[in-house]
Amino acid sequence: MELVNLTRRTEIGSNSYWMCVGGKNIILDAGLHPKLEGLAAIPDFSRVPEGKVDVIFVTHAHQDHVGGLPVLTRREPQARVFMTEQTARIADVMLHNSVNVMTRQREDDGITEYPLFTHRGVDFCAQAWHTRPVGRRCNLLGEASDDDAEVTFEFFDAGHILGSVGILFRYKGRTIFYTGDVNFENQTLMQGASFPEEGVDVLIMETTRGDSPVPPGFSRANEEDRLVRGIRRAFESGGSVTIPVFALGKTQELLAMLWNMRIRGLLAHVPIYIGGLSTKITGIYDALADTSIRSHPELQLLQEMAPYVLSGNEVNTVAPRKKCIFALSSGMMTEHTLSNIFCRKVLGDANQSLFFVGYSDPESPAGRIRRAAQDAPVSLDPDSSPIPLRCHIEEFQFSAHASRETLRNYALLLKPSKVLLVHGDRPAIDWFQLALFKELTKTEVIVPEPGKPVKLG
Ligand SMILES: [Zn+2]
Ligand SMILES: [Zn+2]
């Protein structure tokens, strides 16, 4: 059993790992890098002999896990692709949207390698997808099996976004568990992960939040209280609230939080604006509400919250009206996205509020705003002039990723013979490496360097 990291650098980036188990070539995830452009944004699939992949697994539909899938399946048309039904529904929307984004980037930014795939390419890719539910043990043909002489897989709910799973592989008495992206605590919609609690020999673990300790006294309930107070204060001073959010996951959690505040009598029904992609994905959350493991399965977000759908054209003309919430993607306010364009009208206005509810890369426009001093000029886009930062800024922590403490405790509970640390920037991985090295003396803690094979046992 062996694993090769197919990413190009040790960072969150574009996830993909090649495992060889029982003579089968298995790929875990096939992401697209959120910050890199062109072919460099895709994992290095050329490290795998072409045409030899048996199976591909997609843990969930975020771009850093699924965005490179059509490129991989074009190279490996014989491979079966397994994911949950929820992930398949969302991935289809995300990948078609990605074609549109890449086509625009080709025109606007002159990236000639784009689009890396077409709408037809996405449809072709989707023909290889097979959906399996959480809790069913299957062989690599997708047939129910508990035969230990063949490689089998089983999905476990990961509590990160709709459809997200960790995957347990079993073969000849040995087990490998890949967490994908995980959250052990309940969010407003997603319930915490239900992962195996024993019998894991090799743990492949995400490390996203390894360099951010949980602040003393932190609780999600306190953060929600702060958020509702922040919104009320912003409205009382006659402004609007803009919240940059990811279209997938954070938008739906935010809508559910606002609904929760309303039914608890903490916030009136306020106009909410979201983008077109967010609306499509929220529709999938609603359609699959009673088939998913989540809180409030009866809650239909689009019906209850009735958000206004803001198109790419309208965002130029809509003003930040009083007592409205603009929950626009992208979460990091990447150039040309709704949140980036809309914020030009917000940033320099002391009456307006801008709230951050999740992680921003320090080099992204959202990261630059969060680091900027009051009145300092901030550049949102290289094509437009910097704007002095005058709006009111607040930061909240509603991460969809496990805290480093809960992930460390999970590894301590399992006591695997090997832990592979993935999906983290270097400081995050360093923290886990040290923490686990100290406390798991019989465990080999490994950081799989790009391209270098790691023996799994
Ligand atoms: Zn994710
Ligand atoms: Zn991820």
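The structure under discussion appears in the preceding block.
Criteria and cut-off values
- Throughout this description, residue numbers start from 1 for each chain and increase along the sequence as written.
- Here every chain gets a letter starting at A, and every ligand a number starting at 1, in the order they are written.
- With the structure being a predicted model, the display of local features is reserved for residues of pLDDT at least 70 and the display and counting of side-chain atom pairs for 80 or more, all residues being used for whole-chain, interface and lining totals.
- To get the side-chain values, take all heavy atoms of the structure and skip hydrogens and water.
- Think of each axis as a best-fit line through the C-alpha atoms, taken over the contacting stretch in the case of a helix, with angles from 0 to 180 degrees between the N-to-C directions.
- The numbering of helices and of strands both runs from the N terminus, where a helix is a DSSP run of H or I of at least 4 residues and a strand a run of E of at least 2.
- Note that the term roughly parallel is reserved for angles under 35 degrees, roughly antiparallel for angles over 145, roughly perpendicular for angles of 65 to 115, and oblique for everything else.
- Here is the rule for handedness: rotate from the far helix to the near one, and if that takes an anticlockwise turn smaller than a right angle the crossing is left-handed, while a clockwise turn gives right-handed.
- The contact definition used throughout considers only heavy atoms, calling two residues in contact when any of these lie within 4.5 Å.
- Gly falls in the polar group here, along with every residue not listed as nonpolar (Ala, Val, Leu, Ile, Met, Phe, Trp, Tyr, Cys, Pro) or charged (Asp, Glu, Lys, Arg).
- Donor atoms: N, O and S within 2.8 Å of the metal, or within 3.2 Å for Na, K and Ca. Because water is excluded, sites can look incomplete.
- What makes a salt bridge here is a side-chain nitrogen of Lys or Arg within 4 Å of a carboxyl oxygen of Asp or Glu, nothing more.
- Only protein chains enter the area calculation, which uses a 1.4 Å probe; residues under 20% of their type maximum are buried, those over 50% are exposed, and those in between are partly exposed.
- A four-donor site is called tetrahedral if each angle lies between 85 and 135 degrees; a four-donor site is square planar, and a six-donor site octahedral, when trans pairs exceed 155 degrees and the remaining angles lie between 65 and 115; all other cases are labelled irregular.

J.: An account of the packing of helix H6 (residues 250-263) against helix H7 (residues 276-287) is needed here, citing residue identities and associated values.
T.: Two numbers describe how H6 lies on H7: the axes approach to 9 Å, and their chain directions differ by 70°. Our classification of the angle between H6 and H7 gives roughly perpendicular. H7 is crossed by H6, and the crossing has right-handed handedness. Judged by residue contacts, Thr 251, Gln 252 and Leu 255 of H6 engage Ser 278, Ile 281, Thr 282 and Tyr 285 from H7. Taken together, the residues of the contact of H6 with H7 sort by class into 3 nonpolar, 4 polar and no charged.

J.: Describe in detail the coordination of the zinc ion (ligand 2), supporting the description with residues and values.
T.: Protein ligation of the zinc ion (ligand 2) involves Asp 64 (OD), His 65 (NE2), Asp 181 (OD) and His 423 (NE2), the donor distances falling in the range 2.1 to 2.2 Å. In this structure, the zinc ion (ligand 2) lies 3.5 Å from the zinc ion (ligand 1), and both are coordinated by Asp 181. Note that Asp 64 is positioned in helix H1 (residues 63-66) and His 423 in the loop between strand S20 (418-422) and helix H12 (426-439), a separation of 359 residues in sequence.

J.: Account for the packing of helix H3 (residues 85-109) against helix H4 (residues 119-126), with residues named and values stated.
T.: Between H3 and H4, whose axes approach to 9 Å, the crossing angle comes to 155°. As summarised for this structure, H3 and H4 are arranged roughly antiparallel, according to the angle between their axes. The hand of the H3/H4 crossing is right-handed. Here Asp 92, Leu 95, His 96, Val 99 and Asn 100 of H3 come into contact with H4, specifically with His 119, Val 122 and Asp 123. Split by residue class, the contact of H3 with H4 holds 3 nonpolar, 3 polar and 2 charged.

J.: An account of the pattern of salt bridges is requested, with residue identities and associated values reported.
T.: What the rule picks out here adds up to 21 salt bridges. A salt bridge links Glu 253 to Arg 220; its shortest N-O distance comes to 3.9 Å. Taken together, the residues span a long stretch of sequence, with Glu 253 in helix H6 and Arg 220 in helix H5 (residues 220-236) at a distance of 33 residues. In this structure Glu 253 comes out as buried when scored by relative accessible area, which is 3%. Classification of Arg 220 by relative accessible area gives buried; the value is 19%. One salt bridge in this structure joins Glu 444 and Lys 418, with 3.2 Å as the shortest N-O distance. Placement of Glu 444 in strand S21 (residues 444-446) and of Lys 418 in strand S20 is noted, with a sequence separation of 26 residues between them. Using a relative accessible area of 40% as the deciding quantity, one classes Glu 444 as partly exposed.

J.: Lay out the coordination of the zinc ion (ligand 1) in plain terms, naming residues and giving numbers.
T.: For the zinc ion (ligand 1), every protein donor is listed as His 60 (NE2), His 62 (ND1), His 160 (NE2) and Asp 181 (OD), and the spread of their distances is 2.2 to 2.3 Å. Taken together, the 4 donor atoms surrounding the zinc ion (ligand 1) define angles of 88 to 166° at the centre, an arrangement classified as irregular. Sequence positions of the residues that donate to the zinc ion (ligand 1) give the spacing H-x1-H-x97-H-x20-D.

J.: An account of unusual backbone geometry is needed here, citing residue identities and associated values.
T.: The linkage connecting Tyr 114 with the following residue, Pro 115, adopts the cis geometry, with an omega of -5°. Mapped onto the elements of the fold, Pro 115 is located in the loop between H3 and H4. Omega for the bond connecting Ser 329 with Ser 330 falls within 30 degrees of zero, at 10°, which places this linkage in the cis form. Checked against the element boundaries, Ser 330 lands in the loop between strand S15 (325-328) and helix H9 (338-343). A positive phi angle, near 75°, is found at His 336, a position not held by glycine. Structurally, the position occupied by His 336 is in the loop between S15 and H9. On the basis of relative accessibility, which here comes to 32%, the residue His 336 falls in the partly exposed class. Despite not being glycine, His 423 has its phi angle at roughly 55°, a positive value.

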